[in-house]
Amino acid sequence: MGLLTSLFTLPVAPVRAVVWAAQRVAEKAEDEYYDPAPVWRELADLERRLLSGEIDEETFDHREDELIDRLTEIAEFRSRNP
């Protein structure tokens, strides 16, 4: 039965390969999007820029709030998808 099934489903093989590849790309993109390391690096850089006087307190506060919201989103995603 395995050989017969393989022969009948052979025309669908390229579609399955494309779907598999698309799923791997989506998984990789999701892994990168929900990686907290770049957000932590940006927070550190933001603080460095504030301390060096490159940005003012208002700009710092606004961007810091955005980054903390992003970290919260990442934590919630990771708790739902271990």
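Please read all numbers here as calculations on a predicted model, not as lab measurements.

Colleague: Report on the environment of Ile74, specifying residues and quantitative values.
Modeller: Its place among the elements puts Ile74 in helix H4 (residues 57-80). Under the relative-accessibility criterion, Ile74 is labelled buried at 2%. It is 8.5 Å that separates the C-alpha atoms of Ile74 and Tyr33, two residues lying 41 residues apart in sequence. When neighbours within four sequence positions are excluded, Ile74 is seen to be in contact with Tyr33, Tyr34, Asp35, Pro36 and Val39.

Colleague: Can you break down the nonpolar core residue by residue, with the values?
Modeller: Ranked by size, the top nonpolar core spans 10 residues in total: Tyr34, Val39, Leu43, Leu46, Ile55, Phe60, Leu67, Leu71, Ile74 and Phe77. Per element, the largest residue contribution to this core is five residues, and it comes from H4. Discounting chain neighbours no more than four positions away, the residues touching Leu43 are Glu64, Leu67 and Leu71.

Colleague: Describe in detail a nonpolar patch on the surface, supporting the description with residues and values.
Modeller: Nonpolar side chains collect at one region of the surface, where Val12, Val15 and Val19 lie side by side and expose about 230 Å² of accessible area between them. Along the chain, Val12 turns up in the loop between helix H1 (2-9) and helix H2 (13-33).

About the criteria used
Residues numbered from 1 in each chain as written. Predicted model: local features only at pLDDT ≥ 70, side-chain atom pairs only at ≥ 80, totals over all residues. Heavy atoms only, no water. Helix = DSSP H or I, 4+ residues; strand = E, 2+ residues; numbered from the N terminus. Buried < 20%, exposed > 50% of the residue type's maximum accessible area, 1.4 Å probe, protein only. Contact = heavy atoms within 4.5 Å. Core = buried A, V, L, I, M, F, W, Y, C linked by side-chain atoms within 4.5 Å. Patch = residues over 30% accessible without salt bridge, like charges linked within 9 Å, V, L, I, M, F, W, Y side chains within 5 Å. Areas by Shrake-Rupley, 256 points an atom, 1.4 Å probe, with all protein chains shown as cover. Salt bridge = Lys/Arg side-chain N within 4 Å of Asp/Glu carboxyl O.

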